[in-house]
Amino acid sequence: MPAHRAPTAERPARSSVSRRRFLGYVIAAPTLVVAAEMGRQAAFGAPEAAAAAVPSPPLPADVYDLLDALRDATRPTANLIRIEVNRDGTVSFALPRSDNGQGIITSTQMIIAEEMNLDPDQVIVTLADARPELVFNQLTGGSSTTFTTYTPIRVAAALAQGRLLDAASRELDQDKAVLTSRTGLILGQNGEELPFGELTEAAASPVNETVDVVLKPREEFTVIGKPRTKSDARAMVTGKKQFATDLQIPDALPTVICRGPNLNSAPQGVNNIDEVRNMPGVTDVEQVPTGVAVRAATYGQAIEAVNALDVDWDGGTVEGENDESVLAKLREGELPLAVPSLVGETVEGDFTFYFRSNSSLETNSAIADVRDGSAEIWGPAKNPIAAQAEIAKKLGIAQNAVTFHVLEGGGSFGRKLFFDAAEEAAQVSQAMGKPVKLMWTRSDDSRQGRVHPMATTRVRAQVSGDTVSSFEIRHTSVSTELNPGFGEAITAAATKAPLGNLTVSQSIYVTTQANPYNVGVATSLLNEVDMRFNTCSMRNIYSPDTATARELMIDQVAAKLGKDPYEFRSEFVKLDRYKKVVDRAAEEADWGRSMEEGTAQGIAIHQEYKGIACAVVELDCRPETVNRQIRSARTGPRVTKVTYVVDVGLIINPRGLEAQMMGGINDGIAMTLTSSLHLDDGHFVEASWDNYFYTRQWNTPPEMNVVLIDDSEAPEPGGAGEFGVAATCGAIACAYARATGKVPEYFPILHKEPLPFEPYPTVPPVPPSPTNGLDFAS
């Protein structure tokens, strides 16, 4: 594992949190049940502008960003999210979000525990089933969970605490002001102790009530801001944690789908279906829209049957296409750069970003039982309401006839905003009339799954004297599919954004793409080319690409002005808050230290999710490193050190935030250096993780220093789940240019290197499992 220093938190003594009042509800119930109304939140306050450089006009994301849109969409149904105090003294909360390893169950426990003076272990947080009445308030995406739920959860928890104190006041005949609470007990002034569980009925209400609530001031926090290990960590490392395919649903047998040779190939008929139905362990074989499904006693038997099928296929949706043909179509769709080269010097860059796989550790999996006009689904889902509606539509039944149980997932990074496995499982179960436990194989995920779209980013900057007069970004992408997985809440709130009434993609682009620098007139525009690929709002969506291009060109602009890359950033960032982060990163990383030939430092910043991040990396491009030989592997340049300084506002769980940054850093290394898909004649060549080169142990930085800054001017948390990616990508690209003297023009940098493996065939669809692992064990 890479060495890293513990995260630090700079916490100024003063608090900017006012004792604002909120509205809460006591819900009619036999025990105490509370909910919150989410009013308009106070702004973070007017930020202080950096002193140097000519200010740039704000981009739309500076005024109203994706987090604002998502939170506005949740406001009308915030009062439907409820906390319950149980008779055993625990507190229960069904979180209407999806935890796929990012740790939001743990952070939610901490938020409730803070407001109710509990130990987080006394808070039971589960994932809510699909609840259509929540409308847009059950979407997990855009690093928005904590930002959108922080205040309503606190309001509900504070209301529960207040009601328990009221009940104890009556019981003890003591003034509420003299009572305190600690770890599930109300304490009287004479040492009396009343457990929450004994008060929950007395604190309940037979009718709905509206109550004013005052939240705990930040200076009194004892749980929030303290490092805490994820609540499921022990279960994960001991193998006790259960995922979709671990569940034992009666009669739900392993099921695998035989898929075609090209992307989205559809079956046109099966030539040996009866023969395959008679194979050992096979119970059912049925043709479905996306392939031919096999249900068997074991997954091994299902895979053997899948590989034995003889199926006629159509050519798929991108028959005959390859990397070069897709790039040509993107070039045709590129928007012009508008500012002419009239005064001063022009700096331009043109960059290509190839397809990247959005396959998570847990392949797409779901269980479905569709019988007698109803359906019950189990699976991870980041938008289960949309999943429920689409499944009902595909099955021809009412939405309320579909029950969707949201399970914890094994990774997502945007992938589980889409519910392909759940939809397929439902269709297969309906066709077979039996419960199924569907699992995508790794080759399904790689060749037929969702991808980060191929794109180009072009940048033009005008340098006049000692200032930058304009900075244009034009991003052209294979269309990023966002509906129904991500789109409903965006379309609902998009009209509130500057330049409203945009498409979903345009709305997400303009609410995420900001420029942190004072570079004159700054513009950033998107155009997308629809080519029928299975794309996805993969982690950080557009920003890894646009930030890489922007930061490379910032280095070039700095050179034109005769400035060091760090010095330019420190001088030209828009806000003092940004400058603080940049300066801290340079200090922590010992920016400018002497480096061996063929190695270099790179620096980059990124503004998003109500926060700012700065990465400084050290990259080794020396021949002896680049040409390392590892069996069937990509090696190439190696990141040897990463310093990552991030300010996301109020930090709930420093340990969880650090882990998110470390994961994002490794994503950035992969995206920039090694991991991509190669399109050839309508299909992707990579068919498993053994030939898709995500960051491996030999490319993980030996030294990693994550520094967390808690900014008291941000009274609530921003987004964190994706915030480690974009700045890392930019810093690596800049380090590569400085180490080699050549600005990279495509990413990942090793995409055009010869493949270090023999591609698996497309028929049969599931590659054989290796049997010689012990030969390579050391």
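For the structure, check the block above.
J.: Help me understand the overall build of the chain in this model?
T.: Along its length, the chain carries 20 helices and 33 strands. Its C-alpha atoms give the chain a radius of gyration of 27 Å, near enough to 28 Å, the size a compact globule of 778 residues would have. Projecting the C-alpha coordinates of the chain onto the three principal axes gives extents of approximately 80 × 75 × 55 Å. Relative to its 778 residues, the chain shows a buried fraction of 62%. Considering only contacts in the chain between residues 6 or more positions apart, those separated by 24 or more positions represent 80%. Counting only carbon and sulfur atoms, one obtains 50% of the accessible surface of the chain, whose full area is about 29100 Å². Distance from the positive charge centre (71 side chains) to the negative charge centre (99 side chains) of the chain: 3 Å.

J.: I tried to follow empty space enclosed by the protein on my own but got confused; where do I start?
T.: Where empty space is left becomes clear once a probe the size of a water molecule has been rolled over the atoms. Overall, the coordinates contain 7 cavities of 30 Å³ or more when judged by the stated rule. Taken as a whole, the largest cavity holds about 90 Å³ of empty space. If you trace the largest cavity, you find 14 residues lining it, with Ser365, Pro380, Phe418, Phe419 and Ala421 closest to the centre. Looking at the lining of the largest cavity, the elements with two or more residues in it are β19 (365-371) and α11 (420-432). For the lining of the largest cavity, the leading source of residues is α11, giving 3 residues. Considering only residue class, the lining of the largest cavity consists of 7 nonpolar, 4 polar and 3 charged. There is about 70 Å³ of room inside the second largest cavity. Considered class by class, the residues forming the lining of the second largest cavity number 1 nonpolar, 4 polar and 3 charged.

J.: Which parts of the structure should I look at to understand a negative patch on the surface?
T.: On the surface, a cluster of negative charge is made up of Asp314, Glu319, Glu324, Asp680 and Asp681. Checked against the element boundaries, Asp314 lands in the loop between β16 (311-313) and α9 (323-332).

J.: Teacher, can you tell me more about helix α19 (residues 654-674) here?
T.: Helical periodicity: at 3.6 residues per turn, an α-helix aligns residues three or four positions apart in one direction. Helix length check: α19 (21 residues) gives 30 Å between terminal C-alpha atoms against 30 Å at 1.5 Å per residue, within 8%. Counting buried positions along α19 yields 17 of 21 residues, so the element is predominantly enclosed.

J.: Would you mind showing me how to read the environment of Ala366 here?
T.: Within the secondary structure, Ala366 is located in strand β19. Owing to a relative accessible area of 2%, Ala366 belongs among the buried residues under this scheme. When the C-alpha positions of Ala366 and Phe419 are compared, they lie 8.9 Å apart, and in sequence the two are 53 residues distant. Filtering out sequence-adjacent residues up to four positions away, Ala366 remains in contact with Trp378, Ala421, Ala422, Ala425, Val436, Lys437 and Leu438.

J.: For this particular structure, what's the right way to read the pattern of salt bridges?
T.: If the charged atoms of two oppositely charged side chains come close together, the side chains can form a pair. Within this structure, the stated rule accounts for 52 salt bridges. The closest approach of N and O atoms between Asp62 and Lys574, which form a salt bridge, is 3.1 Å. Of this pair, Asp62 sits in helix α1 (residues 60-63) while Lys574 is found in the loop between α16 (565-572) and α17 (576-589), placing the two residues 512 residues apart along the sequence. Accessibility expressed as a relative area gives 11% for Lys574, which makes it buried. For Arg277, the salt bridge goes to Asp274, with nearest N and O atoms at 3.6 Å.

Cut-offs applied
Residues numbered from 1 in each chain as written. Predicted model: local features only at pLDDT ≥ 70, side-chain atom pairs only at ≥ 80, totals over all residues. Heavy atoms only, no water. Helix = DSSP H or I, 4+ residues; strand = E, 2+ residues; numbered from the N terminus. Rg over C-alpha atoms; globule rule 2.2 N^0.38 Å. Buried < 20%, exposed > 50% of the residue type's maximum accessible area, 1.4 Å probe, protein only. Contact = heavy atoms within 4.5 Å. Areas by Shrake-Rupley, 256 points an atom, 1.4 Å probe, with all protein chains shown as cover. Lys, Arg positive; Asp, Glu negative; His and termini not counted. Charge placed at Lys NZ, Arg CZ, Asp CG, Glu CD. 1 Å grid on protein atoms, 1.4 Å probe; cavity = no way out; pocket = protein on both sides within 12 Å on 5 of 7 lines; lining within 4 Å. Points joined across faces, edges and corners; volume = space filled by probe spheres on them. Nonpolar A, V, L, I, M, F, W, Y, C, P; charged D, E, K, R; others polar. Patch = residues over 30% accessible without salt bridge, like charges linked within 9 Å, V, L, I, M, F, W, Y side chains within 5 Å. Salt bridge = Lys/Arg side-chain N within 4 Å of Asp/Glu carboxyl O. Expected span 1.5 Å × (residues − 1).

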